[in-house]
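One-letter residues, chain by chain:
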Amino acid sequence: MSTIISIRNLHKRFGHLEVLKGIDLELQKGEVMVVIGPSGGGKSTMLRCINHLEKYEKGEIYFKDVLLHEKRVNMNEYRMKMGMVFQQFNLFPHRTVIDNLMLSPLKVKKMDPAEVKEKALNLLKRIGLSEKASAYPINLSGGQQQRVAISRALMMDPELMLFDEPTSALDPELVGEVLEVMKQLAREGMTMIVVTHEMGFAREVGHRMILIDDGLIVEEATPTDFFQNPKSERTKSFCGRFYRKSSRSVYRGAPAFCFVYPENREHDEPRADEGPYGDLFF
Ligand code: ADP
Ligand code: MG
């Protein structure tokens, strides 16, 4: 096995707020790592440090054996190797779907336009959106937009994909189509770090799970051990906050066994029909 990402003792603060307090992590080629944890724990910050969208004060991040923060490293070159998909799709609204896909390979990689177009059309075909090539993002559903955003990242032939809650802004009935694309990628051997509370995904294609809380990794295990034999009290209490519920009409058709985690509703009152932190569906 070869290591793609190695993080050692990563510390990150925003002003006086220490957000990452010493993260150590190794990710092997072909591995799918699922990251969960409470809102504000530092999950997004860790992903953003990996591709250096954020600077950090202390610690090291290696891509293969290259120490990324060294001055001689051209970070743009390494950013291309790491595709990132966000909760809010982030497509360019004034560009068509195919232009969204073609932009970076043309501008950043200076690839041949005909080759880029062929590649974009192939990717759109793969996700079943060939007929949307000339559409604008606003005319696509959230699920379609997110599938396009994943394809756009794949246009750069990344060696690693970083997903930051890719389905948590979607209506429940659109979550499945995005997870399907991600599962397919995982099965094809893509190396992935996925921040998500979709536990069906974790169970089906995840190799390892970590729980990040208050800037630290408090549990690291296979998905099976994570749920069945959690080592830390923190994991037990985090998982325990989700109570079991067998059905709710809006989640019919959602993948079996998933957290519905109110990350986006942290300022909302819990609904009458759910526990204080959301539900765990089987
Ligand atoms: P998570 O993704 O686990 O919800 P984040 O990594 O987004 O957590 O945030 C961790 C902490 O860092 C939170 O307290 C958040 O408010 C803070 N934070 C994140 N980004 C910034 C920023 N750009 N400036 C100041 N504080 C930030
Ligand atoms: Mg986040």
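Structure's up top.
Residues numbered from 1 in each chain as written. Chains lettered and ligands numbered in written order. Predicted model: local features only at pLDDT ≥ 70, side-chain atom pairs only at ≥ 80, totals over all residues. Heavy atoms only, no water.

> Honestly, unusual backbone geometry in this entry has me stumped. Any pointers?
The phi torsion of most residues other than glycine is negative, and most of the peptide bonds are trans. Positive phi outside glycine occurs at N90, with the angle close to 60°. Along the chain, N90 turns up in the loop between β6 (82–85) and α3 (97–107). The class of N90 is partly exposed, set by a relative accessible area of 40%. Phi at D214 takes a positive value of approximately 50°, unusual for a residue other than glycine. Counting through the fold element by element, D214 comes out in the loop between β9 (208–213) and β10 (216–221). (Helix = DSSP H or I, 4+ residues; strand = E, 2+ residues; numbered from the N terminus. Buried < 20%, exposed > 50% of the residue type's maximum accessible area, 1.4 Å probe, protein only.)

> How do you make sense of the packing of α3 against helix α5 (residues 142–154) when you look at a structure like this?
The description of two packed helices rests on the angle between their axes and on the distance between the axes. Relative orientation of the contacting elements α3 and α5 amounts to 25°, with a least axis distance of 8 Å. As far as their axial angle goes, α5 and α3 are roughly parallel. As for how α3 packs across α5, the hand of that crossing is right-handed. Together, V97, N100 and L101 of α3 and V148, S151 and R152 of α5 make up the contact between the two elements. Grouping the amino acids of the contact of α3 with α5 by side-chain chemistry returns three nonpolar, two polar and one charged. (Axes fitted to C-alpha atoms, helices over the stretch in contact; angles between N-to-C directions. Parallel < 35°, antiparallel > 145°, perpendicular 65-115°, else oblique. Left-handed = near helix turned anticlockwise from the far one by under 90°. Contact = heavy atoms within 4.5 Å. Nonpolar A, V, L, I, M, F, W, Y, C, P; charged D, E, K, R; others polar.)

> What exactly am I supposed to notice about the site of ligand 1 here?
Residues in contact with ligand 1 amount to 12 residues; listed here are only the nearest, G40, G42, K43, S44 and T45. At a separation of 2.8 Å, an oxygen atom of ligand 1 approaches a polar side-chain atom of K43. Contacts to ligand 1 include S44, whose side-chain N or O atom sits 2.8 Å from an oxygen atom. Coverage of ligand 1 by the protein amounts to 60% of the 560 Å² it exposes when considered alone. Sorting the residues of the shell around ligand 1 by element identifies β2 (17–28) and α1 (43–50) as the ones contributing at least two each. When residues in the shell around ligand 1 are grouped by element, the largest group, three residues, is from α1. (Near = heavy atom within 4 Å. Polar contact = N/O pair within 3.5 Å; in protein donor to acceptor, adjacent residues only side chain to side chain. Areas by Shrake-Rupley, 256 points an atom, 1.4 Å probe, with all protein chains shown as cover.)

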